[in-house]
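Spelled out from the first residue to the last, the chains are:
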Amino acid sequence: HMIPAEAGLYFNKIQCFCFDEQLINPGEEVDLPIFFFIDPLLGRDTRFDHVDRITLSYLFFESDSELPEEYEAFKKSLPSSQTPQAVPAPVPLPAPVPSA
């Protein structure tokens, strides 16, 4: 995701972690490099006269890919086909009576 979106016309990724699927474990911290350049022609495009910052962001999603064998210990639980047992809601406590 890029803000402003039109800056993507001048944004050129040379190398990016996003070119390959990344496997990140829960709680793991990773460095995800990206090498890019912004075409100098952006400076001549009057649509960007008011722009002094370009923001690039990424969203991460769970993958449907097969999990490598060495990561089996991190596999999530599979959804159950069983319906959970209904539990009755607790009875609310009566409101306190104001003292006079």
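Residues numbered from 1 in each chain as written. Predicted model: local features only at pLDDT ≥ 70, side-chain atom pairs only at ≥ 80, totals over all residues. Heavy atoms only, no water.

1. Quick look at the nonpolar core
Quick note on the threshold: Nonpolar cores are built from buried Ala, Val, Leu, Ile, Met, Phe, Trp, Tyr and Cys residues. Side-chain atoms within 4.5 Å join them into one set. The classification of residues rests on relative accessible area computed with a 1.4 Å probe and restricted to protein chains. Under 20% of the type maximum is buried, over 50% is exposed, and intermediate values are partly exposed. Whether two residues are in contact is decided by their heavy atoms: any pair within 4.5 Å suffices.
Core analysis: the largest hydrophobic core is formed by six residues, namely Met2, Ala7, Tyr10, Phe11, Leu42 and Phe48. For Phe11, the residues in contact, after removing those within four places along its chain, are Met2, Ile34, Phe36, Phe37, Ile38 and Leu56.

2. Examining unusual backbone geometry
Note on backbone geometry: most residues besides glycine have negative phi, and most peptide bonds are trans. Where we set the bar: The helix count covers DSSP runs of H or I at least four residues long, the strand count covers runs of E at least two residues long, and both are numbered beginning at the N terminus.
Each neighbour pair has its own omega, and for Ile3 with Pro4 the value is -10 degrees, a cis peptide bond. As for its position among the elements, Pro4 is in the loop between β1 (2-3) and β2 (11-16).

3. Topic: the pattern of salt bridges
Selection rule: The salt bridge definition used is simple: a Lys or Arg side-chain nitrogen within 4 Å of an Asp or Glu carboxyl oxygen.
Applying the stated criterion across every chain yields a total of one salt bridge. We note a salt bridge from Arg47 to Asp45, for which the minimum N-O separation is 2.6 Å. For Asp45, a relative accessible area of 12% puts it in the buried group.

4. Looking at the state of the cysteines
Condition: Disulfides are defined in this document as cysteine sulfur pairs within 2.5 Å.
Under the defined criterion, the tally for this structure stands at one disulfide. One disulfide in the model links Cys16 with Cys18; its S-S distance is 2.3 Å. The chirality of the disulfide connecting Cys16 with Cys18 is right-handed, given an S-S dihedral of about 130 degrees. Look at Cys18 and you get partly exposed, because its relative accessible area is 31%.

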